[in-house]
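# Fold and geometry: a report
For reference, the chains in residue letters:
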Amino acid sequence: METKPLRVGIIGAGAIAEYAHLPGYHQLSGEVEIAAIADIDLARANLMAQQFGIQTVVSDYRALLEMQDLDAVSICTPNALHTEQTVAALRAAKHVLCEKPMALNVAGANLMQQVSQETGKILMVGFTHRFMKANQWIKKQLTNGLIGDLYSIRARCSHEGPYKSWSAVSDWFFNRELAGGGALLDMGIHAIDLLRYFAGDVTDVIGRIHTYKQPITTEDYAIGILTFESGCTGYFEVGWMSKPG
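The text that follows walks through the structure, step by step, so that each part is easy to find. (Residues numbered from 1 in each chain as written. Predicted model: local features only at pLDDT ≥ 70, side-chain atom pairs only at ≥ 80, totals over all residues. Heavy atoms only, no water.)

## Some thoughts on the overall build of the protein chain
For clarity, the cut-off: Counting from the N terminus, the helices are the DSSP runs of H or I reaching at least four residues and the strands are the DSSP runs of E reaching at least two. The size measure is the radius of gyration over C-alpha atoms, and the globule rule it meets is 2.2 Å times the number of residues to the 0.38 power. Three exposure classes are used, based on accessible area relative to the maximum for each residue type with a 1.4 Å probe and protein chains only: buried under 20%, partly exposed in between, and exposed over 50%. Contact criterion: two residues are considered in contact whenever any of their non-hydrogen atoms come within 4.5 Å of each other. Each accessible area is a Shrake-Rupley estimate made with a 1.4 Å probe; only the visible protein chains count as cover when residues are assessed. Just so you know, the count uses Lys and Arg for positive and Asp and Glu for negative, and it drops His and the chain ends. Lysine's charge is taken at NZ, arginine's at CZ, aspartate's at CG and glutamate's at CD.
The secondary structure content of the protein chain amounts to 8 helices and 10 strands. Compactness check: the protein chain gives a C-alpha radius of gyration of 19 Å against a globular reference of 18 Å for 245 residues, within 12% of the reference. The principal-axis extent of the C-alpha atoms belonging to the protein chain is close to 50 × 50 × 30 Å. Taking all 245 residues of the protein chain together, the buried fraction comes to 45%. Sequence-distant contacts in the protein chain: of pairs separated by 6 or more residues, those separated by 24 or more amount to 63%. When the accessible area of the protein chain is evaluated, it comes to approximately 13200 Å², of which 54% is carbon and sulfur surface. Of the charged side chains in the protein chain, 20 are positive and 25 negative; the average position of the first set lies 5 Å away from that of the second.

## Describing the environment of Gln117
Mapped onto the secondary structure, Gln117 falls in helix α5 (residues 106–119). Of the residues examined, Gln117 reaches a relative accessible area of 59% and is grouped as exposed. On a C-alpha basis, the gap between Gln117 and Leu90 in space is 9.5 Å, while along the polypeptide they are 27 residues apart.

## Concerning the sheet that holds strand β7 (residues 152–158)
Strands in a sheet are paired, the pairing made by backbone hydrogen bonds, and the direction either parallel or antiparallel. Filter applied, for reference: Here, a strand pair is defined by DSSP locating no fewer than two bridges between the strands. Helix axes are fitted only over the stretch in contact, all axes being lines through C-alpha atoms; the angle between N-to-C directions runs from 0 to 180 degrees.
Spatial ordering of the open sheet is given by β7-β10-β9-β8, a layout of 4 strands whose pairing is mixed. The open sheet has two edge strands, β7 and β8 (202–210), and neither has a second partner. Across the sheet, the mean angle from the axis of one strand to that of its neighbour is 10°, orientation sign disregarded. Bridging between β7 and strand β10 (residues 233–239) involves 7 bridges; their strand directions are parallel.

## Digging into the environment of Ala35
Position of Ala35 relative to the elements: it lies in strand β2 (residues 32–38). Taking C-alpha positions, Ala35 is 15 Å from Ser59, a pair spaced 24 residues apart along the chain. If we ignore the near neighbours within four places in the chain, the residues touching Ala35 are Arg7, Val8, Ile54, Gln55, Thr56 and Leu70.

## Digging into the environment of Gly108
By the element assignment, Gly108 lies in helix α5. Given a relative accessible area of 9%, Gly108 falls into the buried group. C-alpha of Gly108 to C-alpha of Glu84: the two residues are 24 residues apart in sequence and 8.5 Å apart in space. Those residues in contact with Gly108, other than ones at most four positions away along the chain, are Thr83 and Ala103.

## Quick look at the layout of surface pockets
Quick reminder of the rule: Within this scheme a cavity is a closed region of a 1 Å grid, computed over the protein atoms alone, that accommodates a 1.4 Å probe without allowing it to escape, whereas a pocket is open but has protein on both sides within 12 Å along at least five of seven lines; lining residues each have an atom within 4 Å of a point. Grid points are joined across faces, edges and corners, and a volume is the space filled by probe spheres set on the points. The nonpolar class holds Ala, Val, Leu, Ile, Met, Phe, Trp, Tyr, Cys and Pro. Asp, Glu, Lys and Arg form the charged class, and all remaining residues, Gly among them, are polar.
Of the pockets and cavities examined, the second largest pocket occupies roughly 720 Å³. Lining of the second largest pocket is provided by 25 residues; of these, Met102, Ala103, Ala109, Phe127 and Ile189 occupy positions nearest its centre. Mapped by element, the contributors of at least two residues to the lining of the second largest pocket are α5, β6 (123–125) and α8 (183–199). Looking at the lining of the second largest pocket element by element, the count peaks at 6 residues for α8. Classifying every residue of the lining of the second largest pocket gives 15 nonpolar, 6 polar and 4 charged.

In short, geometric facts, not functional conclusions.
Written out as structure tokens, the structure reads:
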């Protein structure tokens with residue numbers, strides 16, 4: 001029996017949509033149809049629509065959510081909007097792939113999870129590093145006991161920050177109200193998520209954040225030590241103030 005392609009809408013036409021979500025869906029042509037895109041910057045939304053063959057373009061994400069034949073949405077907007085837009089999408093009976101960070105606080109994240117459970121719609125956060133081949137291989141070795149007991153684990157993510165190492169198209173990354181934080185929320189959560197993926201749940205955290213190099217009010221460097229339920233200790237370091245490596 002022939003199955004219909006999954007019809008997806010994109011909320012937010014910025015860099016993460018252009019370089020990740022839109023190309024990813026486009027590669028699944030036949031299985032996924034990018035049906036609509038929404039952005040308050042209509043010129044930007046129209047540019048993405050032309051590039052990826054999207055028929056419907058709107059400036060208000062609520063108009064996109066009113067589309068009855070839409071199955072799922074990607075939330076590709078600034079961090080401060082994730083909770084509001086995800087909750088609205090779930091309540092509009094859409095599955096959601098939300099960019100990281102999930103929310104700016106625990107209350108927002110809990111609400112998103114609660115509404116997902118209430119509506120029966122899938123909510124997934126874009127922790128892409130879990131799906132990289134090398135990390136999948138490491139996880140398999142750990143699960144199968146081929147590496148042995150895990151006593152210590154560390155992760156480091158570093159580059160020169162948005163607009164240098166990452167081609168962001170607006171200035172919200174350096175806006176505390178929209179971003180909620182700096183390098184820790186941008187990159188640190190990938191490091192923390194990977195450590196949890198490999199080592200399990202965390203029992204306590206010691207951390208520090210600093211602003212060393214970037215002319216911003218959010219942090220450009222973060223470091224932390226995690227203790228896991230297994231007894232393993234983890235260490236992470238992230239920054240917007242050094243070359244990758």
